[in-house]
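Examining the three-dimensional arrangement
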Amino acid sequence: DTAVSQTPKYLVTQMGNDKSIKCEQNLGHDTMYWYKQDSKKFLKIMFSYNNKELIINETVPNRFSPKSPDKAHLNLHINSLELGDSAVYFCASSQAPGISGRELFFGEGSRLTVL
Amino acid sequence: GQQLNQSPQSMFIQEGEDVSMNCTSSSIFNTWLWYKQEPGEGPVLLIALYKAGELTSNGRLTAQFGITRKDSFLNISASIPSDVGIYFCAGGYNTDKLIFGTGTRLQVFP
C-alpha cells in the first residue's frame, strides 16, 4: 500500500498543451509539497499546502497551479507547457510544516517530457 | 534559490570500502537530514539530525550535525552494491522551507 502515490508516472506531450499530475497520501499527514527535479538532479520546492491551505509558493510561473481538494490530495495543473518544463515532479508529504515536518515522504515521481 | 554544496559530486568505489560525504551551507540550520534516491524512485529519508554535534546511526550509515551548524557529514561503512544511488543532504531553520543539497552520486563496483 503506497504511502505517497502520484499519477501518471510518465507523461509525454506537445508544447502548448495543458496537463495535470495527481498526488495522494495515506499517511494522515497535514502537509503536502510539489518538488521539481531537473536533469542535473537538483531538487527544488515549488509549492506546499498545509491542511488544504497554500503556505509556500516559490517563484514559479503562474502556468503552474496547484490544487488541494482535501489534505490527502494535492494536484498540479500546468498550462501552456514549454520545453523547459520537462523534469521529474515529486509529490511529498510531512506530518506538519516547518521544523516539526522535516521528514518528507516522497512519491515515485512523474517524469514529464515536453516535445 | 539557495542550494547546499555537497562534496564529492560523484564517487566510484569498490564494494567493502567506506564512504564519506559532506554538505556545507552559508547559513546555520537547526535541522539536517540525509536522503537517498535510487534510479526511478523518489528520495527516501535515511537519517534526521536535530541538535548541533549530534551523531546518529542507521545500520551502516552514520551522520553528524556539525558543531558550527553549517555542515553535516554522512559515512557509509563497508559499502555494498545496493548502496548505489544519489545521496542528498537537506537543511532547515525553524519554519523556513527545507533546502536540498546538490547530491552525491555513489557507484559501487563488486
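Heads up: the structure comes first, above all this text.
Everything numeric here is computed off the predicted structure, so don't read it as measured data.

Looking now at the packing of aromatic side chains. Considering all chains together, one arrives at eleven aromatic pairs over all chains under this definition. With centroids separated by 6.3 Å and ring planes inclined at 35 degrees, the aromatic side chains of Phe-64 of chain A and Tyr-89 of chain A adopt a geometry described as tilted. Residue Phe-64 of chain A is found in strand β7 (residues 64-70), and its partner Tyr-89 of chain A is found in strand β9 (residues 87-94); the two are separated by 25 residues along the sequence. Here Phe-64 of chain A and Tyr-89 of chain A have matching classes, each one buried. Taking the centre distance of 5.1 Å and the plane angle of 85 degrees together, the rings of Phe-29 of chain B and Trp-32 of chain B count as edge-to-face. Judged by its relative accessible area of 0%, Trp-32 of chain B falls in the buried class. One aromatic cluster in this structure is built from Tyr-33, Tyr-35, Phe-90 and Phe-106 of chain A together with Tyr-35, Phe-88 and Phe-100 of chain B.

All names here are of chain A. Summarising the element assignment, His-73 is placed in strand β8 (residues 73-78). Residue His-73 is classed as partly exposed on the basis of its relative accessible area of 24%. As for His-73 and Lys-22, which are separated by 51 residues in sequence, their C-alpha atoms are 7.6 Å apart. Within polar-contact distance, the side chain of His-73 engages the side chain of Asp-70 at 2.7 Å.

Residues and elements named next belong to chain A. For β9, the buried fraction is high: eight of the eight residues fall into the buried class. Burial of β9 is two-sided: the residues Ala-87, Tyr-89, Cys-91 and Ser-93 facing one way and the residues Val-88, Phe-90, Ala-92 and Ser-94 facing the other way are all buried. Strand direction decides the pairing type here: strand β4 (residues 31-37) and β9, joined by seven bridges, are antiparallel. The residue of β9 that forms the bridge with Thr-31 is Ser-94. Relative to strand β11 (residues 110-114), β9 is paired through three bridges, and the arrangement is antiparallel.

The subject of this paragraph is the state of the cysteines. Residue and element names in this part refer to chain B. What the rule picks out here adds up to two disulfides over all chains. Here Cys-23 is linked by a disulfide to Cys-89, with a sulfur-sulfur distance of 1.8 Å. Residues Cys-23 and Cys-89 are joined through a disulfide that is right-handed, its torsion about the S-S bond being 45 degrees. Taken together, the residues Cys-23 in strand β3 (residues 19-24) and Cys-89 in strand β9 (residues 85-92) connect sequence positions 66 residues apart. Residue Cys-89 is classed as buried on the basis of its relative accessible area, which comes to 0%.

All names here are of chain A. Strands sit in the order β1-β3-β8-β7 across an open sheet of four strands; the sheet is antiparallel. The sheet is open, and its two borders are formed by β1 (4-7) and β7, each paired with just one other strand. Looking at each pair of strands side by side, their axes are set apart by 15 degrees on average, direction ignored. Relative to strand β3 (residues 19-25), β1 runs antiparallel, the two sharing four bridges. Its bridge partner being in β3, Ser-5 is matched across the sheet by Glu-24.

A word on the interface of chain A and chain B. Every contact between the two is made by 20 residues of chain A and, on the other side, 26 residues of chain B. Counting the surface lost from both chain A and chain B, the interface buries some 1900 Å², and carbon and sulfur atoms represent 57% of this. Counting across the interface, chain A meets chain B through one salt bridge. Residue Glu-58 of chain A pairs with Lys-97 of chain B through a salt bridge whose shortest N-O separation is 3.6 Å.

Calculation notes
Residues numbered from 1 in each chain as written. Chains lettered and ligands numbered in written order. Predicted model: local features only at pLDDT ≥ 70, side-chain atom pairs only at ≥ 80, totals over all residues. Heavy atoms only, no water. Phe/Tyr/Trp six-rings, centres within 6.5 Å; stacked < 30°, edge-to-face > 60°. Helix = DSSP H or I, 4+ residues; strand = E, 2+ residues; numbered from the N terminus. Buried < 20%, exposed > 50% of the residue type's maximum accessible area, 1.4 Å probe, protein only. Polar contact = N/O pair within 3.5 Å; in protein donor to acceptor, adjacent residues only side chain to side chain. Pairing = 2+ DSSP bridges. Disulfide = S-S within 2.5 Å. Axes fitted to C-alpha atoms, helices over the stretch in contact; angles between N-to-C directions. Contact = heavy atoms within 4.5 Å. Buried area = accessible area lost by both parts, 1.4 Å probe. Salt bridge = Lys/Arg side-chain N within 4 Å of Asp/Glu carboxyl O.

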